[in-house]
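# Structural overview
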Amino acid sequence: GQNIDQPTEMTATEGAIVQINCTYQTSGFNGLFWYQQHAGEAPTFLSYNVLDGLEEKGRFSSFLSRSKGYSYLLLKELQMKDSASYLCAVSHRNRDDKIIFGKGTRLHILP
Amino acid sequence: DVKVTQSSRYLVKRTGEKVFLECVQDMDHENMFWYRQDPGLGLRLIYFSYDVKMKEKGDIPEGYSVSREKKERFSLILESASTNQTSMYLCASSLPLGQGRGYTFGSGTRLTVV
């Protein structure tokens, strides 16, 4: 089976840095995705990690540790528009075209 | 630049009605998926399809069926709508096995059953 855990809600201040953690337990892990979803809208792709380490993309970075079953999404220089839900999702190596989603972390940004 | 299109953004139907939710993708993706999303429950997979005329049940298929007559179109059917099917429905598509790079989602259909 597969299990993905991430915090339900987080709050941070505009201009600050926030780290959203995700832990997963799955046999045959292949890769990990992060999606952003604004209220009432569809999820949009942020990142995809297959190898251990940090991948940076502008203000957003994603980290993966395969041995620990752990990932985080790091958001820097927070803006009000970053208020959204962030979904962690994993794929299986035998079925990398189908992914399993966590329940998401709702991030609130305060001015 | 729209890649996955869902026919309706908002829909209101009566209990017992047969409801069709349409999804079309223009990326020539083999795989298509239907999810529903409810507060506190996250995204739950209803049905998916890896090829034309092929379908597989997801985690919550009860009360739903699907149709994939053409590669670009994947329809979700609520045979007899009930109030507990009020939800946000999301369609997604992806590349086939071995090329998996995640999903592209449609904009969603918020269905209310009264």
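Up top is the structure these notes are about.
Residues numbered from 1 in each chain as written. Chains lettered and ligands numbered in written order. Predicted model: local features only at pLDDT ≥ 70, side-chain atom pairs only at ≥ 80, totals over all residues. Heavy atoms only, no water.

Looking only at helices and strands, chain A features zero helices and eleven strands. From first element to last, N terminus to C terminus, chain A shows the α and β order β-β-β-β-β-β-β-β-β-β-β. For 111 residues, the compact-globule estimate of 2.2 N^0.38 gives 13 Å, and the C-alpha radius of gyration of chain A, at 13 Å, lies within 12% of that figure. Based on the C-alpha atoms only, the size of chain A along its principal axes is roughly 45 × 30 × 20 Å. (Helix = DSSP H or I, 4+ residues; strand = E, 2+ residues; numbered from the N terminus. Rg over C-alpha atoms; globule rule 2.2 N^0.38 Å.)

Here the focus is the overall build of chain B. For chain B, the helix and strand inventory stands at zero helices and eleven strands. Listing every helix and strand of chain B by position from the N terminus yields β-β-β-β-β-β-β-β-β-β-β. Radius of gyration (C-alpha) of chain B: 13 Å, near the 13 Å computed for a compact globule of 114 residues. Over its C-alpha atoms, taken along the principal directions, chain B stretches across nearly 40 × 25 × 25 Å. Put simply, chain B has 114 residues, and 49% of those count as buried. Taking as baseline every contact in chain B between residues at least 6 positions apart, the subset at least 24 positions apart corresponds to 55%. (Buried < 20%, exposed > 50% of the residue type's maximum accessible area, 1.4 Å probe, protein only. Contact = heavy atoms within 4.5 Å.)

What follows deals with the interface of chain A and chain B. By convention, interface size is frequently given as the accessible area that disappears when the constituent parts associate. Facing 18 residues of chain A, the contacting portion of chain B comprises 28 residues. Carbon and sulfur atoms make up 57% of the surface buried where chain A meets chain B, a total of about 1,700 Å² over both sides. Our enumeration of links across chain A and chain B arrives at zero salt bridges. Across the chain A-chain B interface, the total number found is five residue pairs in polar contact (both at pLDDT 80 or more). Elements that contribute at least two residues to the side of chain A that touches chain B include exactly strand 4 (29–37), strand 5 (44–49) and strand 10 (95–101) of chain A. (Buried area = accessible area lost by both parts, 1.4 Å probe. Salt bridge = Lys/Arg side-chain N within 4 Å of Asp/Glu carboxyl O. Polar contact = N/O pair within 3.5 Å; in protein donor to acceptor, adjacent residues only side chain to side chain.)

Bringing the packing of aromatic side chains into the picture now. Under the criterion given, the structure shown has 21 aromatic pairs over all chains. Relative to Phe105(B), the ring of Tyr35(A) lies with its centre 5.8 Å away and its plane at 90°, an arrangement referred to as edge-to-face. With one member in each of two chains, Tyr35(A) in strand 4 and Phe105(B) in strand 10 (residues 104–105) form a pair that bridges those chains. Overall, the relative accessible area of 0% leaves Tyr35(A) in the buried class. On the basis of relative accessibility, which here comes to 9%, the residue Phe105(B) falls in the buried class. (Phe/Tyr/Trp six-rings, centres within 6.5 Å; stacked < 30°, edge-to-face > 60°.)

On to the sheet that holds strand 7 (residues 60–65) of chain A. Residues and elements named next belong to chain A. Pairing is antiparallel across the open sheet formed by five strands, whose spatial order is 1-3-8-7-6. Of all strands in the sheet, those bounded by a partner on one side alone are strand 1 (2–5) and strand 6 (53–57). Within this sheet the neighbouring strands show an average axis-to-axis angle of 15°, counted without direction. Taken together, the five bridges between strand 6 and strand 7 define a ladder with antiparallel strand orientation. Note on strand 7: the bridge partner recorded for lysine 57 is phenylalanine 60. (Pairing = 2+ DSSP bridges. Axes fitted to C-alpha atoms, helices over the stretch in contact; angles between N-to-C directions.)

As a further point, take the environment of Arg93(A). All names here are of chain A. For arginine 93, the position within the fold is in the loop between strand 9 (84–92) and strand 10. Taking the C-alpha atoms as reference, arginine 93 lies 4.4 Å from asparagine 30; in sequence the two are 63 residues apart. The residues contacting arginine 93, other than those within four sequence positions of it, are Gly28, Phe29 and Asn30.

Ranked by size, the top nonpolar core spans 22 residues in total, and within it Leu32(A), Trp34(A), Leu75(A), Tyr86(A) and Leu107(A) carry the most contacts. For this core, the secondary-structure elements that each account for two or more residues are strand 2 (9–13), strand 3 (18–26), strand 4, strand 7, strand 8 (70–75), strand 9 and strand 11 (105–110) of chain A. Beyond its immediate chain neighbours, meaning those up to four positions away, Tyr86(A) contacts Gln6(A), Ile20(A), Trp34(A), Tyr35(A), Gln36(A), Leu46(A), Phe60(A), Leu73(A), Leu75(A), Gly104(A), Thr105(A) and Leu107(A). Among the nonpolar cores identified, the runner-up in size contains 20 residues, and Ile60(B), Val66(B), Ala81(B) and Tyr89(B) belong to it. (Core = buried A, V, L, I, M, F, W, Y, C linked by side-chain atoms within 4.5 Å.)

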